[in-house]
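# Architecture and fold: a report
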Amino acid sequence: MWGRQGWGSIDGGESDLGASDRVRVNPPIAKIETLVVQRDMIRRTLETLSFDNTYARLPQAFYARLSPTPFSAPPYLVHANQAAAELIDLDPAQLARPEFSALFGGSALTPGMEPLAMLYSGHQFGVYVPQLGDGRAILLGEVKNQRGERWDLHLKGAGMTPFSRDGDGRAVLRSTIREYLCSEALHGLGIPTTRALCIVGSDHAVYREEVETGAMLVRMAPSHVRFGTFEVFYYRKQHEHLRALADYVIDQHFSHLRNADEKYARFFIEVVERTAKLIARWQAVGWAHGVMNTDNMSILGLTLDYGPYGFMDDYDAGFICNHSDHNGRYAFNQQPYIGLWNLSCLAQALLPVAVKEALKAGLETYQPLFEQEYQKCMRAKLGLIDTRAEDDELIRDFLGLLQGSHADYTIVFRELSTFSSEQGATNPKLREHFLNRNHFDDWAARYRHRLQTESSRDDDRRVRMNRINPKYVLRNYLAQAAIEKAQQKDFCEIDRLFALLQDPYSDRPDMEAYATPPPNWGKHLSVSCSS
Ligand code: AMP
Ligand code: MG
């Protein structure tokens with residue numbers, strides 16, 4: 001398939017986890033009390049979050065130390081994510097405290113934080129830019145949780161840094177809402193991504209195409225190292241720093257390779273695999289990143305830096321979600337190639353520490369890994385269990401039909417679960433999505449035959465398909481409606497979407513309106529990099 005078209009509320013109460021622990025275990029009363037006490041003991045207050053700032057211990061050339069710049073108007077909490085708070089053992093009751101908004105609105109620090117802006121460079125739209133770096137984000141510190149996991153707390157929109165270039169160091173409420181909702185939406189879809197802890201807003205004016213209000217977002221990830229973090233030391237010919245960075249990343253995140261032969265090349269091969277799989281998952285769910293510059297590529301294979309991204313409504317292989325991307329470099333169907341292009345930039349940056357042939361061999365694994373993962377996801381979307389040679393064509397032809405009919409990608413795949421292996425497309429709604437019904441009927445006959453040749457039951461297949469074909473995705477118009485309400489200080493729509501997208505696979509009769517194609521006003525919303 002490579003190279004062809006068609007790739008195609010903060011309630012301050014008991015946490016869900018605490019409650020379900022008790023339900024699941026069902027112990028006698030005395031034991032319940034012990035469990036609750038133990039949980040309370042491990043819950044951290046803001047002041048006692050446990051930091052272990054490994055990045056701050058790297059050479060000074062890797063970052064600039066500085067504190068966030070507070071807003072010029074008081075901070076207030078827009079939304080906070082209990083599930084993310086749990087990841088850093090933070091009691092959800094803490095989220096409602098004014099100190100929480102002060103801390104994550106950039107006007108306070110807590111003991112243990114060692115704030116810094118990370119240095120990196122990168123290829124933007126194919127052109128190398130020698131210095132980028134955190135121009136509006138500050139790594140507050142790395143929290144180490146009770147399970148020994150480390151989570152970067154990264155405050156986006158925290159004011160100017162030495163890497164701000166011409167920018168003001170701020171983020172607007174609009175863009176923080178987009179990142180907050182989408183990172184949790186992708187997480188809900190099971191796609192590797194950075195997480196988001198909270199948004200803190202303020203009446204602080206920020207100037208974009210028009211005056212907007214500022215906000216800060218706390219992003220969490222095990223690491224914010226990017227391909228561009230390697231590139232900066234390569235192009236500066238600072239090979240000792242390059243090696244120190246590679247050793248650091250391997251030590252922290254690929255520790256099984258610490259003592260391996262050719263560890264840098266093997267590390268690269270693992271990054272290739274993670275990236276190939278990540279992009280295959282984006283393709284399968286119909287999501288485009290919009291700005292796949294190498295500085296936006298996570299070394300851990302996470303979705304990173306949400307900007308002018310988009311979920312497709314109507315299927316269009318050439319979908320361009322970033323209105324500044326005039327040549328379609330980052331169009332939906334280009335993402336797999338760009339993934340490889342970006343990995344070749346990383347390979348280049350690793351040349352001083354790894355053997356060229358080994359890096360080249362690593363790059364060569366990308367395409368088959370991508371194909372394998374993509375085919376696996378698409379076969380699952382069609383409800384197929386076995387792997388057959390003809391599946392590639394079946395998938396491709398289905399995408400061609402969607403493209404020709406401007407059919408809604410999410411809705412059609414969801415409705416496909418109603419297909420009967422005995423009687424075909426019995427659901428008239430499904431057939432109506434296709435402009436050329438004869439072509440659809442031909443395809444449906446092949447699909448029916450294909451389903452009949454494997455031993456699966458329709459009702460089992462339906463359940464399987466509904467676990468991979470989401471009912472709800474963060475369509476641009478849904479995010480836009482939440483943004484417009486939030487700009488009037490009404491955050492209920494963020495809350496509603498946030499809750500919905502945490503479980504995008506379950507039918508919610510009260511939320512049918514959120515599973516519909518965009519109204520006319522929401523079809524071609526302009527989303528660009530300036531946010
Ligand atoms: P992005 O397009 O968000 O990935 O950002 C690309 C580069 O521009 C990074 O170095 C960012 O830190 C920087 N940048 C983006 N927006 C701003 C801003 N408002 N102020 C300062 N730097 C920014
Ligand atoms: Mg970026």
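Reading the values: rules and limits
- Residues numbered from 1 in each chain as written.
- Chains lettered and ligands numbered in written order.
- Predicted model: local features only at pLDDT ≥ 70, side-chain atom pairs only at ≥ 80, totals over all residues.
- Heavy atoms only, no water.
- Buried < 20%, exposed > 50% of the residue type's maximum accessible area, 1.4 Å probe, protein only.
- Helix = DSSP H or I, 4+ residues; strand = E, 2+ residues; numbered from the N terminus.
- Contact = heavy atoms within 4.5 Å.
- Pairing = 2+ DSSP bridges.
- Donors = N, O, S within 2.8 Å, 3.2 Å for Na, K, Ca; no water.
- Phe/Tyr/Trp six-rings, centres within 6.5 Å; stacked < 30°, edge-to-face > 60°.
- Lys NZ or Arg CZ within 6 Å of the ring centre and 35° of its normal.
- Disulfide = S-S within 2.5 Å.
- Near = heavy atom within 4 Å.
- Polar contact = N/O pair within 3.5 Å; in protein donor to acceptor, adjacent residues only side chain to side chain.
- Axes fitted to C-alpha atoms, helices over the stretch in contact; angles between N-to-C directions.
- Parallel < 35°, antiparallel > 145°, perpendicular 65-115°, else oblique.
- Left-handed = near helix turned anticlockwise from the far one by under 90°.
- Nonpolar A, V, L, I, M, F, W, Y, C, P; charged D, E, K, R; others polar.

### Things to note about helix H18 (residues 492–502)
Along H18, the positions that sit buried rather than exposed are Glu 493, Ile 494, Leu 497, Phe 498, Leu 500 and Leu 501. Check the buried side of H18 and you find it contacts strand E2 (75–80), helix H5 (173–188) and helix H17 (476–487).

### Some thoughts on the environment of Leu 343
Relative to the assigned elements, Leu 343 resides in helix H9 (residues 335–350). Residues Leu 343 and Ala 276, 67 residues apart in the sequence, show an inter-C-alpha distance of 9.6 Å. Those residues within four positions of Leu 343 in sequence are excluded, and the remaining contacts are Phe 227, Phe 268, Val 271, Val 272, Thr 275, Leu 363 and Tyr 366.

### Some details on the environment of Gly 126
Within the secondary structure, Gly 126 is located in the loop between strand E4 (122–124) and strand E5 (127–129). Its relative accessible area of 27% is what places Gly 126 among the partly exposed residues. It is 8.8 Å that separates the C-alpha atoms of Gly 126 and Arg 329, two residues lying 203 residues apart in sequence. Excluding residues that lie within four positions of it along the chain, Gly 126 makes contacts with Arg 329, Tyr 330 and Trp 341.

### What about the pairing of strand E9 (residues 195–207)?
Walk down a regular strand and you will see the side chains alternate between the two sheet faces. Where burial is concerned, most of E9 is hidden: 10 out of the 13 residues are buried. Where E2 meets E9, 5 bridges bridge the pair, whose relative direction is antiparallel. Residue pairing for E9: Ala 80 is matched across the bridge by Cys 198. For E9 and strand E10 (residues 211–221), the ladder comprises 9 bridges, and the chain directions are antiparallel. Looking at E10, one finds that Val 206 is bridged to Glu 212. Between the end of E9 and the start of E10, which pair antiparallel, lie 3 residues.

### Re the coordination of the magnesium ion (ligand 2)
Here the magnesium ion (ligand 2) is held by Asn 296 (OD1) and Asp 305 (OD), and the distances to it run 1.9 to 2.1 Å. When its relative accessible area of 10% is taken as the criterion, Asn 296 is described as buried. Relative accessible area serves as the criterion here: at 14%, Asp 305 is assigned to the buried category.

### Examining the packing of aromatic side chains
For the structure on display, the rule yields 29 aromatic pairs. Considering the side-chain rings of Trp 443 and Tyr 447, the 4.8 Å spacing of their centres and the 25° angle between planes classify their relative orientation as stacked. Here Trp 443 and its partner Tyr 447 are both found in helix H15 (residues 437–452), 4 residues apart, which amounts to about one turn of the helix. As far as burial versus exposure is concerned, Trp 443 and Tyr 447 are alike and both buried. These aromatic residues form a ring-pair network of at least three members: Tyr 315, Phe 332, Phe 398, Tyr 409, Phe 413, Phe 419, Phe 434, Phe 440, Trp 443 and Tyr 447. Arg 178 extends its terminal NZ or CZ atom over the ring of Tyr 309, reaching a point 4.1 Å from the ring centre. Between the NZ or CZ atom of Lys 381 and the centre of the ring of Phe 413, over which it lies, the distance is 4.6 Å.

### Quick notes on the state of the cysteines
If you walk through the whole model with that rule in mind, you get 0 disulfides. We note that Cys 198 lacks a disulfide partner, and the nearest cysteine sulfur, in Cys 182, lies 18 Å from it. Residue class for Cys 198 comes out buried when judged on its relative accessible area of 0%. Free of any disulfide, Cys 377 has its nearest cysteine sulfur in Cys 182, 17 Å distant. Under the relative-accessibility criterion, Cys 377 is labelled buried at 8%.

### Looking at the site of ligand 1
Near ligand 1 lie 17 residues; those nearest to it are Gly 133, Gly 135, Arg 165, Gly 169 and Asn 296. Within the side chain of Arg 165, an N or O atom sits 2.9 Å from an oxygen atom of ligand 1. Between a nitrogen atom of ligand 1 and a side-chain N or O atom of Arg 208, the distance comes to 3.4 Å.

### Focus: the packing of helix H11 (residues 366–381) against helix H12 (residues 391–405)
The geometry of H11 relative to H12 is characterised by a closest axis approach of 10 Å and an angle of 70° between their N-to-C directions. By the angle between their directions, the pair H11 and H12 is classed as roughly perpendicular. Between H11 and H12 lies a crossing whose hand is left-handed. Residues Tyr 374, Gln 375, Met 378 and Arg 379 of H11 form the contact with H12, whose participating residues are Asp 391, Asp 392, Ile 395 and Leu 399. Class assignment of the residues belonging to the contact of H11 with H12 gives a composition of 4 nonpolar, 1 polar and 3 charged.

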